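What follows is each chain in one-letter form.
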Amino acid sequence: MDTLSNTKKNPSRETCQKIIKRILITEVLEKGTNEHFRHASDFMAYFQSLYPASDALTKQVQRAIKAMNMPRDEHGYFIVNKTSEQLEQDQEIGRLLQKGEASLLPLEGSEPVLLMVPPEMCDYLIHTLKDCISLQNHYDTIFKTSNGIIIYTREKARILSYLQPLLSTN
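Because the structure is a prediction, the values reported are computed rather than measured. (Residues numbered from 1 in each chain as written. Predicted model: local features only at pLDDT ≥ 70, side-chain atom pairs only at ≥ 80, totals over all residues. Heavy atoms only, no water.)

(A) Structural detail: the nonpolar core. In this structure, Ile20, Leu24, Phe43, Phe47 and Val61 are the most contacted members of the largest nonpolar core, which totals 19 residues. Looking at this core, the elements with two or more residues in it are α2 (13–31), α3 (44–50) and α4 (55–68). Not counting residues within four places of it along the chain, the set of residues in contact with phenylalanine 47 comprises Pro11, Cys16, Ile19, Ile20, Leu57 and Val61. Among the nonpolar cores identified, the runner-up in size contains 13 residues, and Cys132, Leu135, Ile142 and Ile149 belong to it. (Core = buried A, V, L, I, M, F, W, Y, C linked by side-chain atoms within 4.5 Å. Buried < 20%, exposed > 50% of the residue type's maximum accessible area, 1.4 Å probe, protein only. Helix = DSSP H or I, 4+ residues; strand = E, 2+ residues; numbered from the N terminus. Contact = heavy atoms within 4.5 Å.)

(B) Quick look at the sheet that holds strand β1 (residues 111–116). Taken in spatial order, the three strands make up an open sheet running β1-β3-β2, and their pairing is antiparallel. Edge positions in the sheet fall to β1 and β2 (141–145), since each has one partner strand and no second. On average, each strand axis in the sheet is tilted by 25° relative to the strand beside it, whichever way the strands run. Judged from the five bridges that link them, β2 and strand β3 (residues 148–153) form a sheet pairing that is antiparallel. Residue pairing across strands places threonine 141 opposite tyrosine 152, the latter belonging to β3. Across the sheet, helix α6 (residues 119–131) touches β1, β2 and β3, and the angle it forms with β2 is around 170°. Along the sheet face, helix α7 (residues 156–168) touches β1 and β3 and points at about 10° away from the line of β1. (Pairing = 2+ DSSP bridges. Axes fitted to C-alpha atoms, helices over the stretch in contact; angles between N-to-C directions.)

(C) Looking closely at the packing of aromatic side chains. Inspection of the entire model under this criterion finds four aromatic pairs. Look at phenylalanine 143 and tyrosine 152: their rings are 6.1 Å apart centre to centre, the planes differ by 15°, and that puts the pair in the stacked class. Ring-pair connections join several aromatic residues into one group, and the members of that group are Phe37, Phe43 and Phe78. The ring centre of tyrosine 77 lies 4.3 Å from the NZ or CZ of arginine 38, which sits over that ring. (Phe/Tyr/Trp six-rings, centres within 6.5 Å; stacked < 30°, edge-to-face > 60°. Lys NZ or Arg CZ within 6 Å of the ring centre and 35° of its normal.)

(D) Examining the side chain of threonine 153 more closely. Positionally, threonine 153 belongs in strand β3. Looking at threonine 153, its side chain comes within polar contact range of the main-chain oxygen of histidine 138, at 2.6 Å. With residues near it in sequence (within four places) discarded, threonine 153 still touches Gly109, Ser110, Glu111, Val113, His138, Tyr139, Asp140 and Ile159. (Polar contact = N/O pair within 3.5 Å; in protein donor to acceptor, adjacent residues only side chain to side chain.)

(E) Representation of the pairing of β3. Within β3, five of the six residues are buried, which leaves the element mostly enclosed by the surrounding structure. With six bridges connecting them, β1 and β3 associate as antiparallel partners. Bridge pairing in β3 places proline 112 opposite tyrosine 152. Count of turn residues in the β2/β3 antiparallel hairpin: two residues.

Okay, structure coming up:
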């Protein structure tokens, strides 16, 4: 009876899933990415250090991997922190960004200017401001708000000096 109570039985599929997830999260936290785990067999050394090696253990780890339905990166490594749907969305966004030759512009250096105008005027005024030769290359972005238009610029004084006289002409 003692020998039976001392032997460890195989873990449940759910336990295997938790262990696999913990292994992958640790890998990503330590190395920034998973560059080691592609197959169920890659996890077996860890499981065999805890449980007796057997075909049943191997099958249980394989079932856990299959049930987790983890996406894989372009090199076939498991991605632990995303679903297949998230990976597909990320890939689509990446294709769109590349197709549009997108770039990032941090707005820390930009200052907002709120131009308060009636909402019904916003769309046409934004279009007109975007086409304005005097403002070209002097703002980062312009967008509609609930009570007007916000202009983000690194040249706040220039924007204000352009708009101020236009506000008082009549």
